[in-house]
Amino acid sequence: MKGVFNMGRRGKTIDDFVKDLIAIEDLETKKRIYKKVLGIAYKNGIYPSSIHDFYVARGKSEFNGFTVPAINLRTMTYDLARALFRVAKRNNAGAFIFEIAKSEMGYTNQPPCEFSSVILAAAIKEGYKGPVFIQADHTQVNIKKFKENPEKELKALQDLIEEAIEAGFYNIDIDSSTLVDLEQSTVKKQQYFNSDVCAKLTQFIRRIEPKGVIVSVGGEIGEVGHKNSTPEELRAFMDVYKGRLRKGLIGISKISVQTGTSHGGVVLPDGSIAQVKLDFETLKSLSRIARGEFCLGGAVQHGASTLPPEAFHKFVECDAAEVHLATEFQNMIYESKHFPQELKMRIYEWLKVNAVSERKEGETEEQFYYKTRKKALGPFKRDIMGLSDSVRDAIAAELEAKFEFLFKQLAISNTKDLIDKYIKLIRVISRKRKAGPVVVERDTEGAD
């Protein structure tokens, strides 16, 4: 990684900071590097930002006609973020999000401060200016842990949210859809705990968000990979959510729905991906209800990256606010002709030992490796980022072409001016704030 930015007396380049982030395991050191990179970003006109006001304006129908891509970067984060910023500059695009899920932070070994630092470093390197949206995707409630001790589980989510916001994640997607209980007698009771927990975590976010920043919060009404969402579920969720949210507080700006996809796609025995039957009519209906009845930015689609190329323009036609894309980028890296076969084989040998518990009876090797290879990205992070510049550049070029395609299909070219119109650049002074514990009510009395 050849750097061109001199960063002070020690002659640190922006590439040096990225190398340090990858090499150093100590979290406090990573946080100190984040603060240094953030300061450099501010000096270069780059600001971690919330997309909230932009979605509020969309909810008021002040503009339309495109879908914001939220892109999960699991590996080669610096190289791929640079590629995304290059595509954005060529296309005058500003409406795009970098994100990483709670689970991904773990298995890719990218804590919030590292992820943010690398994204901002990529913006600095490519000369990008303006708001940069960094999002905590699927800040998810673990249903088993919640049932055992709800306060403890939500305290763990509070801690993660606080850590993320401290690292410039001013966009938080709360995923309490795991708490939806379809065995309850009414839709409202089915959504009660989902709505209640989402409201409580929204209140927590409002207490700790930096002065001047309204963190964009997303909710979720249907767990990805399960039954498709309905208008009744959306209305029931919002009814309970608004009732549980403390009066006067700003709520969510978007809502994630389930329309037939699954994370990572469904892999067939030969290693190919099964055709997805995505219900675009459901997506269109829910997005329009979200905007028309609740003034949200619209509906959010998860698990879409493995869809066939001809499907992506339909998200714009369906008025989707946001689409989340992840696994296909990981697939492209692993299957690239430039990715060293020797490294891939070492990764697969590691999976045979360290992911053996995840292997199901009757599963082919192709299915096993496809399903589990994401878990190797953390343990092999240094090996992948230690590949030569020429190898990483070649892989990044392949994904850059994919990003270009997606930007055009989702019609986000020339959205930079809109973003600049609605998003105020705010320099945040880091400040720890204390917030009380989230209290969870254990019954659904009065949910109707």
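Whatever comes next refers back to the structure up there.
The rules we used
Residues numbered from 1 in each chain as written. Predicted model: local features only at pLDDT ≥ 70, side-chain atom pairs only at ≥ 80, totals over all residues. Heavy atoms only, no water. Helix = DSSP H or I, 4+ residues; strand = E, 2+ residues; numbered from the N terminus. Buried < 20%, exposed > 50% of the residue type's maximum accessible area, 1.4 Å probe, protein only. Contact = heavy atoms within 4.5 Å. Phe/Tyr/Trp six-rings, centres within 6.5 Å; stacked < 30°, edge-to-face > 60°. Salt bridge = Lys/Arg side-chain N within 4 Å of Asp/Glu carboxyl O. Core = buried A, V, L, I, M, F, W, Y, C linked by side-chain atoms within 4.5 Å. Polar contact = N/O pair within 3.5 Å; in protein donor to acceptor, adjacent residues only side chain to side chain. Pairing = 2+ DSSP bridges. 1 Å grid on protein atoms, 1.4 Å probe; cavity = no way out; pocket = protein on both sides within 12 Å on 5 of 7 lines; lining within 4 Å. Points joined across faces, edges and corners; volume = space filled by probe spheres on them. Nonpolar A, V, L, I, M, F, W, Y, C, P; charged D, E, K, R; others polar. Axes fitted to C-alpha atoms, helices over the stretch in contact; angles between N-to-C directions. Parallel < 35°, antiparallel > 145°, perpendicular 65-115°, else oblique. Left-handed = near helix turned anticlockwise from the far one by under 90°.

Details of the overall build of the protein
Move 1: Tallying secondary structure elements over the protein gives 18 helices and nine strands in all.
Move 2: The buried share of the protein, taken over its 448 residues, is 58%.
Move 3: Across the protein, every contact between residues at least 6 apart in sequence was considered, and the portion connecting residues at least 24 apart equals 79%.

Quick word on the packing of aromatic side chains
Move 1: In this structure the tally under the stated criterion is 24 aromatic pairs.
Move 2: Both rings, one in Phe 146 and one in Phe 193, keep their centres 6.2 Å apart while their planes meet at 70 degrees; by these two values the pair is edge-to-face. Taken together, the residues span a long stretch of sequence, with Phe 146 in helix H7 (residues 143–148) and Phe 193 in helix H9 (residues 187–208) at a distance of 47 residues. Of the two residues examined, Phe 146 and Phe 193, each falls in the buried class.

A look at the pattern of salt bridges
Move 1: According to the stated counting rule, one finds 34 salt bridges in the structure shown.
Move 2: With its nearest N and O atoms 3.6 Å apart, the salt bridge here joins Arg 58 to Asp 319. Here Arg 58, found in helix H3 (residues 52–59), pairs with Asp 319, found in the loop between helix H12 (313–317) and strand S9 (322–325); they are 261 residues apart in sequence, far enough to count as distant. There is no split in this pair, since Arg 58 and Asp 319 are both buried.
Move 3: The closest approach of N and O atoms between Glu 404 and Arg 90, which form a salt bridge, is 2.6 Å. Of this pair, Glu 404 sits in helix H17 (residues 389–409) while Arg 90 sits in helix H4 (residues 77–91); the two residues are 314 residues apart in sequence, bridging distant segments of the chain.
Move 4: Judged by its relative accessible area of 18%, Glu 404 is buried.

Here we look at the nonpolar core
Move 1: Core analysis: the largest hydrophobic core is formed by 139 residues, its most contacted members being Phe 54, Phe 98, Phe 169, Ile 172 and Phe 315.
Move 2: Setting aside residues up to four positions removed in sequence, Ile 172 forms contacts with Ala 136, Thr 139, Ile 161, Ala 164, Ile 165, Ile 205, Val 215, Ser 216, Val 217 and Gly 218.

Examining the side chain of Asn 194
Move 1: Mapped onto the secondary structure, Asn 194 falls in helix H9.
Move 2: A relative accessible area of 0% places Asn 194 in the buried class.
Move 3: Within the structure, Asn 194 has its side chain in polar contact with the side chain of Ser 176 (distance 2.7 Å).
Move 4: Those residues in contact with Asn 194 that lie beyond four places of it in its chain are Ser 176, Ser 177, Leu 179, Val 180, Glu 220, Ile 221 and Phe 237.

Quick word on the pairing of strand S7 (residues 254–257)
Move 1: Alternating positions in S7 separate into two faces, Lys 254 and Ser 256 on one and Ile 255 and Val 257 on the other, with burial throughout.
Move 2: Of the strand pairs in this sheet, strand S6 (residues 216–220) and S7 are connected by three bridges, and their pairing is parallel. Looking at S7, one finds that Gly 218 is bridged to Lys 254.
Move 3: In the sheet, S7 pairs with strand S8 (residues 299–301) via three bridges, with the strands oriented parallel. In the strand pairing of S8, Ile 255 is matched with Ala 299.

Re helix H1 (residues 14–23)
Move 1: With seven of its 10 residues buried, H1 lies for the most part within the structure.
Move 2: Buried within H1 we find Ile 14, Asp 15, Phe 17, Val 18, Asp 20, Leu 21 and Ile 22.
Move 3: Here the buried face of H1 lies against helix H2 (27–43), H4, helix H6 (112–126) and helix H16 (381–385).

Considerations on unusual backbone geometry
Trans peptide bonds make up the majority, and among non-glycine residues the majority have a negative phi.
Move 1: Unusually for a residue other than glycine, Asn 109 sits at a positive phi of about 55 degrees.
Move 2: If you trace the backbone, Asn 109 turns up in the loop between helix H5 (102–107) and H6.
Move 3: Here Ala 411, not a glycine, exhibits a phi torsion of approximately 60 degrees, which is positive.
Move 4: Of note, Ala 411 is situated in the loop between H17 and helix H18 (416–422).
Move 5: Ala 411 gets classed as partly exposed once you look at its relative accessible area, which sits at 31%.

Comments concerning empty space enclosed by the protein
Move 1: Going through the model one piece at a time under the given rule, you end up with three cavities of 30 Å³ or more.
Move 2: In this structure, the largest cavity occupies an estimated 100 Å³ of space.
Move 3: Around the largest cavity, the lining comprises 14 residues; the ones closest to its centre are Ile 22, Thr 77, Gln 110, Lys 381 and Met 385.
Move 4: A breakdown of the residues in the lining of the largest cavity according to their chemical character gives seven nonpolar, four polar and three charged.
Move 5: Taken as a whole, the second largest cavity holds about 40 Å³ of empty space.
Move 6: Lining of the second largest cavity is provided by Asn 72, Leu 73, Arg 74, Thr 75, Leu 80, Ala 326, Phe 329, Gln 330 and Ile 333.
Move 7: Per-element tally for the lining of the second largest cavity: the top contributor is helix H13 (residues 327–335), with three residues.
Move 8: Residue classes in the lining of the second largest cavity are distributed as five nonpolar, three polar and one charged.

Concerning the packing of H2 against H6
Move 1: The interhelical angle for the contact between H2 and H6, taken along N-to-C directions, is 30 degrees, at an axis separation of 9 Å. When the interaxial angle is binned, H2 and H6 end up roughly parallel. Crossing angle aside, the handedness with which H2 passes H6 is left-handed. Packed against H2, whose contacting residues are Leu 27, Lys 30, Lys 31, Ile 33, Tyr 34, Val 37, Leu 38, Ile 40 and Ala 41, the element H6 presents Cys 113, Glu 114, Ser 116, Ser 117, Leu 120, Ala 121 and Ile 124 at the interface.
Move 2: Counted by class, the contact of H2 with H6 contains 11 nonpolar, two polar and three charged residues.

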